[in-house]
Structure formats: structure tokens, C-alpha cells
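# A structural walkthrough
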Amino acid sequence: MPIDPQNALLTVQSGLAQLSALIVSYSFSAIGAVILLVIGYIVAGLAQRSIYAGLGHIHGFDTTLRHFFSRIVRYAILILVVVMVLGQFGVQTTSIIAAIGAIGLAIGLALQGTLQNIAAGIMLLALRPFRIGEYVEVGAIAGTIEEIGLFATTLRTVEGVYILAPNSTLWNQPVRNYTRNGARRGDITLTIGSWNDIDFAQKTMLDVAATERRVRREPAPIAFVATVGDSNVAITLRYWTSAADFFATQIDLTKRAKQAFDSEGISIPAPPPEAPRQEAATRQ
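Residues numbered from 1 in each chain as written. Predicted model: local features only at pLDDT ≥ 70, side-chain atom pairs only at ≥ 80, totals over all residues. Heavy atoms only, no water.

Under an unreviewed UniProt entry, the protein chain has the name Small-conductance mechanosensitive channel and belongs to Mesorhizobium onobrychidis. Its UniProt record gives the protein chain a comment under Sequence similarities (unreviewed entry), which states: "Belongs to the MscS (TC 1.A.23) family." Regarding the protein chain, the UniProt comment filed under Subunit (unreviewed entry) reads as follows: "Homoheptamer." (UniProt positions renumbered as here; feature names shortened; annotations may be inferred.)

Laid out in C-alpha cells, this is it:
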């Protein structure tokens, strides 16, 4: 069957017209999408900087949390912009939002432990039960805080051992902070023979504490009888010092108290002699 040239020409012209209209329509959509992306990117950056600067005016607000919340705002704005751009091309945004929610739920379930660490990290940075440089004990973990992150906290033990503890572990247990209050109480106990003058022994220990500059005058040091045995008496010196000087002061005071007892003739009871071993010789 022969093709009518006039009808063919009309069909081509109609197709070209529809294509031109489609190109013009999508061109405006593409231009609008590009403009929207640029504006959204700028607004997201401005919002991030504004949130970061605003949180900086809150006294004691941690820098890590400032970065975290400002980035969340930035990414939330960028995701919203992308959804709006897809809507420019006729994509159903409700289905996209539902898909994003489902993906977020799946990721949350898969990363449940990681999200717990992040939540615990936020709480640790917000409430600050410990800070960098403080010595803490949390369950079986003890050491000086070196870094507090969103996922884990780094500690250094007194032996110089490196510890990386998940934040959820530190948050879910009681924290004993030995540095926070600035002062710590120390006890030194020495055992002397019961035949010694107890009052003089107490005075000797107080004199040792009085000559130590790291021992605080308030509360004043005290010396008292801790325990009484058959042939010995335990004398305890109780004092207060700064948390930074606690261990050094305890070591030095123990040594000086022992030297003072020796110089004053206050004797420490010797351990009982070891019973002789009875060896039974057996003969067959």
C-alpha cells in the first residue's frame, strides 16, 4: 500500500512538536532542579555553620557534639532538597519518603549496637561524667581519659596500656571519677608493737604530715588507732591532698612515717618465727 507523503510529513511534524514540547518542559525542570540544588547546597552550608556557631555560645558544649548536630542538619536539608528535585521530574515523593524511612529502619536494626554507642557517646559528651585527663574507674576498666568520641572512648592505664572502650559500656555502669572533685583522701596504716607509746606514735605521724607541703591543712590530718591485735596496734594517718598528687604523696608519706618511727625508737613487731619443719624418716 503506498504511503501518502502528506500524511507522513504531518506525522513527523507532530512528533517533532511533541518532542520539542517535551524537551522544553524537561529543560525548565532540569534548570529548576539545578537551581534548587545550588540553593539547597548553599542553605545547607549556611545552616551547618549557623548551628555550629550557635552551639558554641552554650557554655561547656562539647566540640564533637557541635560537629555532630551541625552535620545532621546539613544532611537533613540536602536529603530534603534531593526529594524536592525528584518531585520536579514527576517522581512521587511520598513513595521516596516511605522508602527512605524503610531504609533508615533497616539500617538502624542492622547497626543497633553502633547506634547505642553513638547515643551513649552523645550522653557522655553532654553530661560529662568524665573529661580528658581525668582518672576514672568504670567496672573493670580504669585509666586516664585521653579521647572521647561518638563511638568509643580512649583510656590509658597506670601501666601505660592503651584501652579503647565502647561508649555503651561506659554509659551503662557507675563511673568513679577520682579527679573530678580536685581533692582525695589518703590513708596510711603502720603496725607497731603494743608495748610502744600509742599517743607518741600518733603524734609522730601527725608531725610527718605537718611537714609535707602536699598535705592540706583543711580538713586537718588525723591519726587514730585502726585495729588492736594480741601484740600489735595499727595506727592510721588520714589526710587530704590534691587528686594530682595523691599517689606521690602516699608513697612519700609511707616512707617518711616508717623512717620517723625508726628514728624515734617506735618498733614494729617482727613476724613470728617460722615453725621448724618436722621431717619424719620412714624406713621400710
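That shown, we press on.
### Considerations on the pattern of salt bridges
The tally for this structure, following the rule as stated, stands at nine salt bridges. Across the pair Lys203 and Asp207 runs a salt bridge whose closest N-O atoms are separated by 3.0 Å. Highlighted residues: Lys203 and Asp207, both in helix H6 (residues 198–210), separated by four residues, approximately one helical turn. Take Lys203: its relative accessible area is 48%, and that puts it in the partly exposed class. Asp207 gets classed as partly exposed once you look at its relative accessible area, which sits at 39%. The network of salt bridges with shared partners includes Glu212, Arg214, Asp252 and Arg256. (Salt bridge = Lys/Arg side-chain N within 4 Å of Asp/Glu carboxyl O. Helix = DSSP H or I, 4+ residues; strand = E, 2+ residues; numbered from the N terminus. Buried < 20%, exposed > 50% of the residue type's maximum accessible area, 1.4 Å probe, protein only.)

### Thoughts on the nonpolar core
Grouped together as the largest cluster of nonpolar side chains are 17 residues, with contacts concentrated most on Ile188, Ile192, Met205, Leu237, Tyr239, Leu253 and Phe261. Sorting the residues of this core by element identifies strand S6 (183–193), H6, strand S8 (232–242) and helix H7 (246–263) as the ones contributing at least two each. Once you skip the residues sitting within four places of it in the chain, Ile188 turns out to touch Met205, Ile235, Thr236, Leu237, Tyr239, Gln250, Leu253 and Thr254. If you look at the next biggest cluster of nonpolar residues, it comprises 16 residues, including Val136, Ile141, Ile145 and Leu155. (Core = buried A, V, L, I, M, F, W, Y, C linked by side-chain atoms within 4.5 Å. Contact = heavy atoms within 4.5 Å.)

### Re H7
Across its 18 residues, H7 extends 26 Å between first and last C-alpha, which sits within 8% of the 26 Å expected from 1.5 Å per residue. Directly beyond the C-terminal end of H7, a positive phi value near 75° is found at Gly265. (Expected span 1.5 Å × (residues − 1).)

### Regarding the sheet that holds S6
Taking strand neighbours across the sheet as the criterion, the three strands line up as S6-S8-S7 in an open arrangement whose pairing is antiparallel. What marks the edges here is a single partner per strand, and that holds for S6 and strand S7 (222–228). Across the sheet, the mean angle separating the axes of adjacent strands is 30° when strand polarity is ignored. Pairing geometry for S6 and S8, over eleven bridges, is antiparallel. Within S8, the residue paired with Asp187 across the bridge is Arg238. Strands in contact with H6 are S6, S7 and S8; relative to S8, the strand with the most contacts, it is inclined by about 20°. (Pairing = 2+ DSSP bridges. Axes fitted to C-alpha atoms, helices over the stretch in contact; angles between N-to-C directions.)

### Quick notes on the pairing of strand S4 (residues 162–166)
Going residue by residue along S4, you find Ile163 and Ala165 tucked away on one face and Tyr162, Leu164 and Pro166 left uncovered on the opposite face. Relative to S4, strand S3 (residues 152–156) is paired through five bridges, and the arrangement is antiparallel. Residue pairing for S4: Leu155 is matched across the bridge by Ile163.

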